[in-house]
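Next come the chains, spelled out residue by residue.
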Amino acid sequence: QVQLVESGGGLVQAGGSLRLSCAASGRTFSSGVMGWFRQAPGKEREFVGAVRWSGSTSYADSVKGRFTISRDNAKNTVYLQMNSLKPEDTALYYCAARPTTRDDYIYWGQGTQVTVAS
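Described in the following lines is the structure provided in the data block.

What counts and what doesn't
- Residues numbered from 1 in each chain as written.
- Predicted model: local features only at pLDDT ≥ 70, side-chain atom pairs only at ≥ 80, totals over all residues.
- Heavy atoms only, no water.
- Salt bridge = Lys/Arg side-chain N within 4 Å of Asp/Glu carboxyl O.
- Helix = DSSP H or I, 4+ residues; strand = E, 2+ residues; numbered from the N terminus.
- Buried < 20%, exposed > 50% of the residue type's maximum accessible area, 1.4 Å probe, protein only.
- Disulfide = S-S within 2.5 Å.
- Phe/Tyr/Trp six-rings, centres within 6.5 Å; stacked < 30°, edge-to-face > 60°.
- Lys NZ or Arg CZ within 6 Å of the ring centre and 35° of its normal.

Quick word on the pattern of salt bridges
A side chain of one charge can pair with a side chain of the opposite charge if their charged atoms are brought near each other. Enumeration over the complete set of coordinates arrives at 4 salt bridges. For the salt bridge of R66 with D89, the shortest nitrogen-to-oxygen distance reads 2.7 Å. Remark: D89 occurs in the loop between strand 8 (77-82) and strand 9 (91-98) and R66 occurs in the loop between strand 6 (57-59) and strand 7 (67-72); sequence separation between them is 23 residues. Of the residues examined, D89 reaches a relative accessible area of 1% and is grouped as buried. Salt bridges sharing partners connect three or more residues here, namely R38, E46, R66 and D89.

Structural data, given as structure tokens:
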């Protein structure tokens, strides 16, 4: 029903920056939420941040002040701008979508790898 495709992952040095993109297709949620999650080997999936199509955002404490989420509604695309990257940010990053804030995240992308070298 909804397909999410992440892109923009790669290898960066500590202190560097990277921007991830997540393109949604197949359906649009006028009141929906797009979120970013990450998972490192041996760790549980972790919430990174989210944005409503209105532009309102929220972030995990671990990334506040360093990561910024934005969106382009015309393209059904959400971005994750990552600055001041740390080795502990290394993970597989997923985008996800939920129809409304009352729903769980039910649509997921396949992930894009972010590796931060020390």
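Topic: the state of the cysteines
With the rule as written, the count across this model stands at 1 disulfide. Disulfide pairing places C22 opposite C95 at an S-S distance of 2.0 Å. Torsion about the S-S bond of the C22 and C95 cystine: about 60 degrees, corresponding to right-handed handedness. Here C22 is found in strand 3 (residues 18-25), whereas its partner C95 is found in strand 9, with 73 residues between them in sequence. The buried category is assigned to C22, whose relative accessible area is 0%.

Re the environment of G65
Among the secondary structure elements, G65 is positioned in the loop between strand 6 and strand 7. Overall, the relative accessible area of 85% leaves G65 in the exposed class.

Description of unusual backbone geometry
In terms of backbone geometry, most residues other than glycine have negative phi values and most peptide bonds are trans. Its identity is not glycine, yet N76 carries a phi of approximately 50 degrees, on the positive side. Here N76 shows up in the loop between strand 7 and strand 8. Phi at S84 takes a positive value of approximately 50 degrees, unusual for a residue other than glycine. Tracing the chain through its elements places S84 in the loop between strand 8 and strand 9.

Here's the deal with the packing of aromatic side chains
Within the structure shown, the criterion is met by 5 aromatic pairs. Ring plane angle 70 degrees and centroid distance 5.5 Å describe the contact between F37 and F47, whose orientation is recorded as edge-to-face. Placement of F37 in strand 4 (residues 33-39) and of F47 in strand 5 (residues 46-52) is noted, with a sequence separation of 10 residues between them. Residue class for F37 comes out buried when judged on its relative accessible area of 8%. Residue F47 is classed as partly exposed on the basis of its relative accessible area of 30%. Joined through ring pairs, the aromatic side chains of F37, F47, Y94, Y105 and W108 make up one cluster. Lying over the aromatic face of F37, R45 brings its terminal NZ or CZ to 5.6 Å of the ring centre.

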